[in-house]
Amino acid sequence: MPVCFVPLAICVISRYPYFNALKDCLSCLLVQLRPFKDLDVEDHIKEFAAKLFLIPSPPPGPLHLVFNMKPLQIIIPSREDPDSPIIDLDLHLPLLCFKPEQVLQIMTCILTEQRIVFFSSDWALLTLVAECFMLYLHPLQWQHTFVPILSRQMLDFVMAPTSFLMGCHIDHFEEVSTETEDLILINIDNGNITHSKMAEEEPEIPDVPAQAAETFIKRVESLQLHYDLELCHLRASTDLSELQMRRRAWQQKLNTEVQQTTLQLIVNIFREVKDHLNYEHRVFNSEEFLKTRAIGDQPFYKKVLETYMFHSFLKARLNRKMDAFARLELSTQSEEDRLNLMFHTPRRLTMEKMASKRFNPQYMISRRMVISMPNLQDIKLPEGPTRNSSLRRLETGVAVKMPSKSVSTFKIPEIHFPLMFQCVHSYYTDFFNHLSKAINTLPPDNSALLARYFYLRGLISLMQGKLLSALSDFQNLDKTDLRIFPTDLVRKIVETMPPSERSQADRKPELKKLISRVMEKQREVMKIDDHVKNFELPKTHMQLDDFVKRIQESGIVRDIDTIHRLFDALTVGHQKQIDPETFRDFYNYWKETETEAQEVNLPPTVIEHLDKNECVYKLSCSVKTNYGVGKIALTQKRLFLLTEGGHPGYVQIAAFRDIEDVKSTTVAFLLLRIPTLRIKTLSKKEVFEANLKTECDLWYLIVKEMWAGKKMADDHKDPQYIEQALTNVLLMDAVVGALQSSKTIYAASKLSYFDRMKNEVPMMVPKTTSETLKHKINPSAGETFPQAIDVLLYMPGHLDPSERPGNAHPKLWCALNEGKVVVFDASTWSIQQHCFRMGRAKLTCMIMVEQSQVWIGSQDSIIYIINTHSMSCNKQLNDHRSDITDIIMEKKNGIPSEAYSSSLDGTVIAWNISTLKVNRVFQLPCRNLTSIKLHNDQLWCCTGSCILVVSPYEFQLQMKIEHHLKDVCSYFLCFQLFPERDEVWASYSGSSDVYIWNTRDLPSTPQKIHLQDCSEITCMIRVKNQIWVGSSGRSQGKSKGKIYVISAEKKTVEKELVGHTDTVKALCSAEDRYVLSGSGKEEGKIAIWKVE
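As the structure is a computational prediction, the values presented were derived from the model and not from experiment.

Conventions adopted
Residues numbered from 1 in each chain as written. Predicted model: local features only at pLDDT ≥ 70, side-chain atom pairs only at ≥ 80, totals over all residues. Heavy atoms only, no water. Helix = DSSP H or I, 4+ residues; strand = E, 2+ residues; numbered from the N terminus. Rg over C-alpha atoms; globule rule 2.2 N^0.38 Å. Buried < 20%, exposed > 50% of the residue type's maximum accessible area, 1.4 Å probe, protein only. Contact = heavy atoms within 4.5 Å. Areas by Shrake-Rupley, 256 points an atom, 1.4 Å probe, with all protein chains shown as cover. Lys, Arg positive; Asp, Glu negative; His and termini not counted. Charge placed at Lys NZ, Arg CZ, Asp CG, Glu CD. Salt bridge = Lys/Arg side-chain N within 4 Å of Asp/Glu carboxyl O. Pairing = 2+ DSSP bridges. Axes fitted to C-alpha atoms, helices over the stretch in contact; angles between N-to-C directions. Polar contact = N/O pair within 3.5 Å; in protein donor to acceptor, adjacent residues only side chain to side chain. pLDDT = per-residue confidence, 0-100. Expected span 1.5 Å × (residues − 1). Phe/Tyr/Trp six-rings, centres within 6.5 Å; stacked < 30°, edge-to-face > 60°. Arc of directions from axis to C-beta. Parallel < 35°, antiparallel > 145°, perpendicular 65-115°, else oblique. Left-handed = near helix turned anticlockwise from the far one by under 90°. Nonpolar A, V, L, I, M, F, W, Y, C, P; charged D, E, K, R; others polar.

Within the protein, the secondary structure is distributed over 30 helices and 46 strands. Taken over the C-alpha trace, the protein has a radius of gyration of 34 Å; the compact-globule value for 1092 residues is 31 Å, and the two agree within 12%. Along the first, second and third principal axes, the C-alpha atoms of the protein reach 125 × 90 × 60 Å. When each of the 1092 residues of the protein is scored for burial, the buried share is 56%. Once local pairs closer than 6 in sequence are excluded, the contacts in the protein between residues at least 24 apart make up 58%. Of the accessible surface of the protein, which amounts to about 49,600 Å², a share of 52% is contributed by carbon and sulfur atoms. The positive charge centre, built from 130 side chains, and the negative charge centre, built from 134, are 4 Å apart in the protein.

For the coordinates displayed, the defined rule picks out 45 salt bridges. Of the charged contacts in the structure, one is a salt bridge between Asp488 and Arg491, with a shortest N-O distance of 3.0 Å. In this pair, Asp488 and Arg491 are both assigned in helix α19 (residues 487-496), 3 residues apart and thus about one turn of the helix distant. Residue Arg491 is classed as buried on the basis of its relative accessible area of 12%. For the salt bridge of Asp714 with Arg657, the shortest nitrogen-to-oxygen distance reads 3.1 Å. Taken together, the positions of Asp714 in helix α26 (residues 696-716) and Arg657 in the loop between β15 (649-655) and β16 (659-669) put the pair 57 residues apart, joining distant regions of the chain.

Taken in spatial order, the 5 strands line up as β4-β5-β3-β6-β7 in an open sheet, and their pairing is mixed. Taken across any chain shown, the strands that pair with only one partner, and hence form the sheet edges, are β4 (145-147) and β7 (192-195). For this sheet the average axis-to-axis angle between neighbouring strands, irrespective of direction, equals 20°. Relative to strand β5 (residues 164-169), β4 is paired through 3 bridges, and the arrangement is parallel. Note that in β5 the partner of Val147 across the bridge is Met166.

With that settled, the discussion passes to the sheet that holds strand β28 (residues 884-892). Overall, antiparallel pairing links the 4 strands, which are arranged β28-β29-β30-β31 in an open sheet. Strands with a single pairing partner mark the edges of an open sheet, and in this sheet they are β28 and β31 (918-923). The mean inter-strand angle of the sheet, taken between neighbouring strand axes irrespective of direction, is 15°. Sheet topology places strand β30 (residues 907-912) next to β31; 5 bridges connect them, and they run antiparallel. When the bridges of β31 are listed, Val908 appears paired with Phe922.

Its location among the elements puts Lys811 in strand β21 (residues 811-815). One buried charged residue, Lys811, remains without a salt bridge, the closest side chain of opposite sign being Asp825 at 5.8 Å. A polar side-chain atom of Lys811 sits 2.7 Å from the main-chain carbonyl oxygen of His809.

Moving on to the confidence of the model for the protein. Of all residues in the protein, 90% attain a pLDDT of 70 or more, and the chain-wide mean is 86. Helix α14 (residues 335-340) is the least confidently modelled element of the protein, averaging 64 in pLDDT, while helix α4 (residues 100-111) averages 96, the highest of any element.

On to the environment of Gly1041. Counting through the fold element by element, Gly1041 comes out in strand β42 (residues 1038-1047). Overall, the relative accessible area of 0% leaves Gly1041 in the buried class. Sequence separation between Gly1041 and Ser286 is 755 residues, and the spatial gap between their C-alpha atoms is 42 Å. Discounting residues that sit within four places of it in the chain, Gly1041 has contacts with Ser1031, Leu1057, Val1058, Gly1059, His1060, Thr1061, Asp1062, Thr1063 and Val1064.

Burial runs high along strand β22 (residues 820-825): 6 of the 6 residues are buried. A two-sided burial pattern is seen for β22, the buried positions comprising Lys820, Val822 and Phe824 on one face and Val821, Val823 and Asp825 on the other. Note that β21 and β22 share 5 bridges and pair antiparallel. In the sheet register, Leu812 faces β22, and the bridge partner there is Phe824. In textbook terms, the turn of a hairpin is the stretch between consecutive antiparallel strands, and for β21 and β22 this stretch comprises 4 residues, one of which, Glu818, has a positive phi near 55°. In the sheet, β22 pairs with strand β23 (residues 830-837) via 5 bridges, with the strands oriented antiparallel. Counterpart to Lys820 in the pairing with β23 is Arg837. As consecutive antiparallel partners, β22 and β23 are separated by 4 residues, and within that stretch Trp829 has a phi angle of approximately 60°, a positive value.

A word on helix α5 (residues 123-136). Helix length check: α5, at 14 residues, gives a terminal C-alpha distance of 21 Å against a target of 20 Å (1.5 Å per residue), a fit within 8%. Among the 14 residues of α5, 11 are classified as buried, and the element is accordingly described as predominantly covered. What α5 keeps buried is the set Leu125, Leu126, Thr127, Val129, Ala130, Glu131, Cys132, Phe133, Met134, Leu135 and Tyr136. Here α5 starts with a cap whose side-chain oxygen sits 2.9 Å from the backbone nitrogen of Ala124, and that cap is Asp122.

Mapped onto the secondary structure, Glu890 falls in strand β28. For the buried Glu890, which has no salt bridge, the nearest side chain bearing the opposite charge is Lys892, at an N-O separation of 4.9 Å. Here Tyr953 takes part through its side chain, which lies 3.3 Å from a polar atom of the side chain of Glu890. Discounting chain neighbours no more than four positions away, the residues touching Glu890 are Ile895, Pro896, Ser897, Glu898, Tyr900, Leu934, Asp937 and Tyr953.

The next subject is the packing of aromatic side chains. To describe a pair of aromatic rings, one takes the distance between the centres and the angle between the planes. Per the stated rule, a full pass over the model turns up 34 aromatic pairs. Between Phe310 and Phe313, the aromatic rings sit 5.9 Å apart at their centres with planes inclined by 35°, giving tilted as the arrangement. With Phe310 and Phe313 both in helix α12 (residues 308-318) and 3 residues apart, this pair spans about one turn of that helix. The two residues Phe310 and Phe313 agree in class, both being buried. Arranged with centres 6.3 Å apart and planes meeting at 45°, the rings of Tyr995 and Trp997 form a pair that is tilted. Neither Tyr995 nor Trp997 differs from the other in exposure class; each is buried.

This part takes up unusual backbone geometry. The step from Lys70 to Pro71 runs through a cis peptide bond, and the omega angle for that step is 10°. As for its position among the elements, Pro71 is in the loop between β1 (63-69) and β2 (72-76). For the bond from His138 to Pro139, the omega torsion is 10°, close enough to zero to count as cis. Along the chain, Pro139 turns up in the loop between α5 and β4. The phi dihedral of Met871 falls on the positive side, at around 55°, and the residue is not glycine. Counting through the fold element by element, Met871 comes out in the loop between β26 (863-867) and β27 (872-877).

Here we take up the environment of Leu328. Within the secondary structure, Leu328 is located in helix α13 (residues 324-331). Residue classification places Leu328 among the buried positions, given a relative accessible area of 4%. Each C-alpha atom, one on Leu328 and one on Glu850, is 24 Å from the other, the two residues being 522 residues apart in sequence.

Right, let's get into helix α29 (residues 753-760). Along α29, the residues classified as buried are Phe754, Asp755 and Met757. Considered in projection along α29, the buried side chains sweep an arc of 160° and stay on one side of the axis. In this fold, the buried residues of α29 make contact with α26 and α27 (720-739).

This part is about the packing of helix α18 (residues 467-475) against α19. Look at α18 against α19: their axes get within 11 Å of each other, and the N-to-C directions meet at 150°. Classified by the angle between their axes, α18 and α19 sit roughly antiparallel to one another. As α18 runs across α19, the sense of the crossing is left-handed. Contact residues: α18 offers Leu467, Leu471 and Phe474, while α19 offers Leu489, Val490 and Ile493. Among the residues forming the contact of α18 with α19, the class breakdown is 6 nonpolar, no polar and no charged.

So, about the environment of Leu877. With respect to the secondary-structure elements, Leu877 resides in strand β27. Overall, the relative accessible area of 1% leaves Leu877 in the buried class. What Leu877 contacts, discounting residues up to four positions off in sequence, is Lys479, Trp855, Ser861, Ile862, Ile863, Ile865, Trp911 and Leu916.

The following block contains the structure:
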């Protein structure tokens, strides 16, 4: 009887794309099956499947798992971070099959969501190449059908009317190309990209934006794609494992380079999207975004902006997701980009960009790199930072080099067969023991690796049925790496936990809090608002609130008070509502003016007279002046005349700070009176005169507003005043252009905010304040309302060769309301990290524990630990049960050894900084503990009713300062130590007095220093031999935030500084050279003061 042989196929199905690992496993299985007879094959395959089932998937991070599958060691790679995909294939394969230009074409087809079919004679290549292109787009994600391999019976799938990406054998190429319309056909074997023959016309595939494409092609051409070239200088290896590891190391390095190259391409394409987003109202102004693209790039963006993929990308941007795109975009920001976060003026072309556009296409922005705190008087911040996206120059040289991250491996113990209960139990026991040994031998400062071991041990305990042990290991992730905490898994454990074990968990405080936090988070989960709106002009009449929303959505201006003044201007002579036609006319005029200003092209002879950051914001009509005939040009710094004739020239009219007087008058010409603008300056005797005719009244308002704004900016050392004045004058211009009525000038005058302020309430800055104040910055820039500054932290600069140069600069950390944190580069006062969030509660304290670590205390009883390199919170401490009020640090031999944290309920915890373990806990006999300080092995604790001095080790009471005022409602608010003078300085709530105790004679009545015009002392710090006291007070009859500088030696107030229009809420010292003060929510600014 003839024997019939049937082929046996073995398919491994996994939730995770471990292509290389599973390929190696199947290769090993093939070797293992060769000696077996037919009847034994099935049993061996079952054992193979069971073995794979027992191998866990590693958590995200720097730990790969290794297990033995004879004759190979199989590596299961982890993803880089929780948001990254698993990469276990050769990412350079498409670069071997296609030229870089073709790779860009294919990526464009995917980004524009075409109907795409890959073809190859090699079935394996279909899946690998398609998967590579999916990874090239990360973090963008394909939203449609994805079937990389179609069998002959499934070919009708390519007739689907929606977008898809599929793959077929090359044998079906003719059949697919002739029977289906509008397909993009990609032949992997010969690198051709064509379209189906049924199409009446060839589908248009737009080109990738030119500069991004140029950068990508150069970087791809610089990659070393051939492993044989890598082997040339290496000795031959006779060890299979060594060969395997050598090849894997080369492939991982190349994969990283390809990832960086493709991610940089995505960032270069979509970097400016954020400039056209309104986060509060979740609006993307696609029309304005398209207008700022180069003409040749617009077809690409028009198609991409309509896709589901881009819509999903927008949701992530509006949610401020810190993914790979956001991290690279942030790390490659120019100094101009960071300054743009602080100044939200309309986009105009700077002189530098105008010159580069005309003469220097390889222009790149230079950066100021300094390490220590700058001399503030030398800093010249741009007075009109601008964006012009289509003119951005991309660096086309070497790819951005990310620091290589070391990766460890963990060997999974052997799995013994047959797989009976005892064998599986033994495997899990060995696995648990190996992990425990690794945890115990690992240095405590290697928290990233420690977290992965805790995670894996938690999984193994769970498989063993040890639920409490699993929860304990997962709870340890809080202090090692919070990002990989398996919230859903822990919730399921808690929900299915037997009552007896739940009772045991509740008896352990740390597990009880963990369970409470996880279950409470489930109850409080709110659906993320992920809608995205495109800006549309209104179709109905608008009251004030709706008008505010519409203007903010349009991106014209965000400040509520300015929009209220604009509403008043547009409703002059009408009822208090705005009709759609008026809004449309205003919006169109604003945008037309912006477009016209972008097209201004000054000759080099004019550009050389202007600063590189200056922009022309408005040009008059051609007018006759006493300086000649020409157009008056307005920049953020000056007025100049652009003279007309054969060679346009530059004539300075006036710098705004140099103006002495401005008048609008008329001059006689025949029988007419021609409106004329006169400008008198301090530096010239001759008065400038211009016959502006119908434009005269508007220019009069504009010049006076800019003059007043510049004066206030100089007086208050706050460049945002001139930016606000500039916005006001551009709004005036748009109002006049839109209304076209007899009342337009009166309407525009409603926006003359600074000029009116100067005339109605002269804002005189006291001489002492003016001399001491060096600069002001606004961490709430771009927000609709100012936000209170609750805490300030200055971090000195440092040199670390492994970090980017910008990371070596000193930093200023600002805690705003609702857990928001903004970080400034203190060498340029540009925003380095814009608004990341630590919970939702008020932040109460910050301290730099190490150069790479900042601890932030919150009213939600959590201490958040921030990695200063990644600007992310990977760890948190949850041992307090009440509001965190203070964190201090103890140093031994200049090295941080212990940290102490206090909470409102009187708890003090001493922490081991390297392990984050609790060394000691102490409960004070008093509550309302507001602050602590450490000196000479004494811990000073300020509570509402007294100041206690205890030993930081035994927590034994050593001294006590009693509340001595008769007012029982008052309480100790803040204090400072002067140990070398044996003094304690303190203040009470509601008091305007500073009290000084002598620590050698505590029973004696404390010395009192009264602060004039002070309502309440809010904070104090020691700087050199001075005490700086922040307060709320009054000046010139108005509520102010005042700072008093008190001499510790003379016990007298040396200076009274009036730099804020709201309470001073936070003070910090910068290297004892400067003091920084932050104010309440009415102003929300930071003042920088020079220390004498």
